Amino acid sequence: MLESLDNPIWSALTTEHRLLARSHGLARRYLPDFSPFAAFLHPTKDAFADLQRLVSPGEHIAFFTASPFDVPGGWQVDRSRWIDQMICEAPLDLPPDAPLPLGTTDVPEMLELTAATEPGPFSPKTIQMGSYFGIRASDGRLVAMAGERLLSTGFAEISAVCTLPEFRGRGYARALTTFVAAQILATGKIPFLHVKSENGAKVVYQKIGFRLRAEIWLTVLSLR
C-alpha cells in the first residue's frame, strides 16, 4: 500500500478523486478550479502528448513523482526539486479544543490566508477535495487553517497548513495538523504530507508523530 505514495496524485485521481479528474489516454489532471496537479502512471512521450490535450498554453501543472523524469519539447520546466514526504502511523489524541470546520462560505477568507502565507496551491474549489478546519482570532479573522488534499484508498494528504505571521508561535499549526491527522486515522486511513526539508515546520510534524517516508520529486511544468 505504501508504494502508492510514490505516485500519490495518480493514486488519488484513479480512486477517491476520480470524479474530480479530467482524463485523456495516459494522462490525468484535476479540474483547474480544484488543483494544478496532474499525473501519469508512467511519464512517457505518449503520456505527455495526451496531457497536452488537457492543458492550456502557459498553464502551470505540478507533479509528485518518485524520481525525476524526462520532459519532451514543447514543455517548460518552471520548478523542480526534492521535497520530503512524511506519514503518521502512530495513534494521536485529539487536541482539547477542536478547530472550526470551514465551508464554501469561508473560501474568500481561505484564499486571502493562503495568498498571504503561501503554503502551496489553493484554488477556489480546493475545499471540495477534503475537510478543512480553521482558527479565528477574537476579532473573527481566519488566522490559521489546515485540511485534506489528495485522497486515495488508504491515504489522505494534509495540506494548506498555514498561520498568519503575527499569530505564529501559538501552536495553531500543530493543533490543526494533529486534529486533521487524528480525524484521518479515525477513518482507518494513514495521513501524509509534503514539506520542504529546510522548512522549520518539519520539526513540528515530527513532534506530532510524523516520520520521513521518502523524498518526492516536485516538478512544475507549463505548456509553451
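Given the structure is predicted, the values throughout are model-derived calculations rather than measurements. (Residues numbered from 1 in each chain as written. Predicted model: local features only at pLDDT ≥ 70, side-chain atom pairs only at ≥ 80, totals over all residues. Heavy atoms only, no water.)

Caption draft 1: Fine view of the packing of aromatic side chains. Throughout the structure, instances matching the rule amount to 11 aromatic pairs. Here Phe48 and Phe69 contribute two aromatic rings whose centre-to-centre distance is 6.0 Å and whose plane-to-plane angle is 45 degrees, an arrangement assigned as tilted. Of the two residues, Phe48 is situated in helix α2 (residues 45-52) and Phe69 in the loop between β4 (60-65) and β5 (75-87); the sequence distance between them amounts to 21 residues. For Phe69, a relative accessible area of 15% translates into the label buried. An angle of 70 degrees between the planes, with centres 5.6 Å apart, marks the rings of Phe63 and Phe69 as edge-to-face. Here Phe63 and Phe69 have matching classes, each one buried. Among the aromatic side chains, those forming a connected cluster through ring pairs are Phe40, Phe48, Phe63, Phe69 and Trp75. (Phe/Tyr/Trp six-rings, centres within 6.5 Å; stacked < 30°, edge-to-face > 60°. Helix = DSSP H or I, 4+ residues; strand = E, 2+ residues; numbered from the N terminus. Buried < 20%, exposed > 50% of the residue type's maximum accessible area, 1.4 Å probe, protein only.)

Caption draft 2: Main features of the sheet that holds strand β11 (residues 211-223). Read from one edge to the other, the open sheet built from 8 strands follows the order β4-β11-β5-β10-β9-β8-β7-β6, with strand pairing classed as mixed. The open sheet has two edge strands, β4 and β6 (100-102), and neither has a second partner. This sheet shows a mean twist of 30 degrees between the axes of neighbouring strands, independent of strand direction. Across 5 bridges, strand β7 (residues 132-136) lies against strand β8 (residues 142-152) in antiparallel orientation. The residue of β8 that forms the bridge with Arg136 is Leu142. Across the sheet, helix α5 (residues 201-208) is in contact with β5, β9 (155-163) and β10 (190-195); its angle to β5 comes to roughly 35 degrees. (Pairing = 2+ DSSP bridges. Axes fitted to C-alpha atoms, helices over the stretch in contact; angles between N-to-C directions. Contact = heavy atoms within 4.5 Å.)

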